[in-house]
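Chain residues, written in single-letter form:
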Amino acid sequence: MSTKPKMRRIKKITITLSEKEGEWLSLYSQDLGISRPAVVRRLVREGLREYKSLRGGRIEPENQLGLFDSIQVDIFNNTSKTDDLSEN
């Protein structure tokens, strides 16, 4: 039994920069010694990591019902969701 290797899905995105931004991108790539597309990927990745850390790293799709969420009830019968990841 051989398993199929997983195919990575690559999303192609086209961006448009002004002439000045293109010049800055070229200078930045020359300073780092890497190509312009590699610089763009690096900048996007760094920005998304920062966003992820600010947001808390959790992404929940809107179509989830929350059936297995832990619910905490206080003495006044108020309910709130608990975060199971913080208990580790």
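Now for a description of the structure that goes with this document.

Criteria and cut-off values
- For every chain, the first residue of its written sequence is number 1, and the numbers climb from 1 along that sequence.
- Side-chain atom pairs in this predicted model are given and counted only at pLDDT of 80 or more, local residue features only at pLDDT of at least 70, and totals for whole chains, interfaces and linings cover all residues.
- Only hydrogens and water are removed before side-chain values are computed, so all heavy atoms of the structure are retained for them.
- Going along the chain from the N terminus, every DSSP run of H or I of four or more residues is numbered as a helix, and every run of E of two or more is numbered as a strand.
- For each residue, the accessible area found with a 1.4 Å probe, counting protein chains only, is set against the maximum for its type, and the residue is called buried under 20%, exposed over 50%, and partly exposed in between.
- The contact definition used throughout considers only heavy atoms, calling two residues in contact when any of these lie within 4.5 Å.
- Only the protein chains shown count as covering a residue, and every accessible area follows the Shrake-Rupley method with a 1.4 Å probe.
- Salt bridge, as applied in this entry: a Lys or Arg side-chain nitrogen positioned within 4 Å of an Asp or Glu carboxyl oxygen.
- Multiplying 1.5 Å by the residue count of a helix minus one yields the expected span of that helix.
- Where helices are involved, their axes are fitted lines through C-alpha atoms of the stretch in contact, as for all axes, and angles between N-to-C directions lie from 0 to 180°.
- When describing relative orientation, an angle under 35 degrees is termed roughly parallel and one over 145 degrees roughly antiparallel, while 65 to 115 degrees is termed roughly perpendicular and anything else oblique.
- Ten residues, namely Ala, Val, Leu, Ile, Met, Phe, Trp, Tyr, Cys and Pro, are considered nonpolar, four, namely Asp, Glu, Lys and Arg, are considered charged, and the remaining ones, Gly among them, are considered polar.

**A few points about the overall build of the protein**
Then, in step 1: When its secondary structure is counted, the protein shows 2 helices and 2 strands.
Then, in step 2: Counting from the amino terminus, the protein carries its helices and strands in the arrangement α-α-β-β.
Then, in step 3: The burial tally for the protein puts 6% of its 88 residues in the buried class.
Then, in step 4: Taking contacts inside the protein between residues at least 6 apart in sequence as the whole, the part at least 24 apart equals 10%.
Then, in step 5: Per element, the accessible surface of the protein, about 9,300 Å² overall, is 54% carbon and sulfur.

**A word on the pattern of salt bridges**
Then, in step 1: In the structure shown here, the tally under the stated rule is 1 salt bridge.
Then, in step 2: Between K20 and E23 there is a salt bridge whose closest N-O contact spans 3.8 Å. Separated by 3 residues within a single helix, K20 and E23 lie in helix α1 (residues 19–32), roughly one turn from each other.
Then, in step 3: K20 gets classed as exposed once you look at its relative accessible area, which sits at 52%.

**Remarks on helix α2 (residues 36–55)**
Then, in step 1: In this model α2 runs 28 Å from its N-terminal to its C-terminal C-alpha over 20 residues, within 8% of the 28 Å that 1.5 Å per residue would give.
Then, in step 2: One or two steps after α2, the chain reaches G56, where phi turns positive at roughly 105°.

**Section: the packing of α1 against α2**
Each pair of packed helices can be described by the angle between their axes along with the distance between the axes.
Then, in step 1: Closest axis-to-axis distance for the α1/α2 pair is 9 Å, and the angle between their directions is 95°. In this view, α1 runs roughly perpendicular relative to α2, as classed from their interaxial angle. Between α1, through G22, L25, S26, Y28, S29 and L32, and α2, the contact on the second element is made entirely by R36, V39, V40, R42 and L43.
Then, in step 2: When its residues are assigned to classes, the contact of α1 with α2 shows 6 nonpolar, 3 polar and 2 charged.

**Focus: the environment of S35**
Then, in step 1: Its place among the elements puts S35 in the loop between α1 and α2.
Then, in step 2: C-alpha separation for the pair S35 and L25, spaced 10 residues apart in sequence, amounts to 9.6 Å.

**Description of the environment of R42**
Then, in step 1: Considering the arrangement of structural elements, one finds R42 in helix α2.
Then, in step 2: When neighbours within four sequence positions are excluded, R42 is seen to be in contact with L32 and I34.

**Comments concerning α1**
Then, in step 1: For α1, which comprises 14 residues, the first-to-last C-alpha distance of 20 Å matches the rise-based estimate of 20 Å (1.5 Å per residue) to within 8%.
Then, in step 2: Elements that come into contact with the buried residues of α1 comprise α2.
Then, in step 3: Once α1 finishes, G33 follows within two positions and takes phi at roughly 75°, a positive value.

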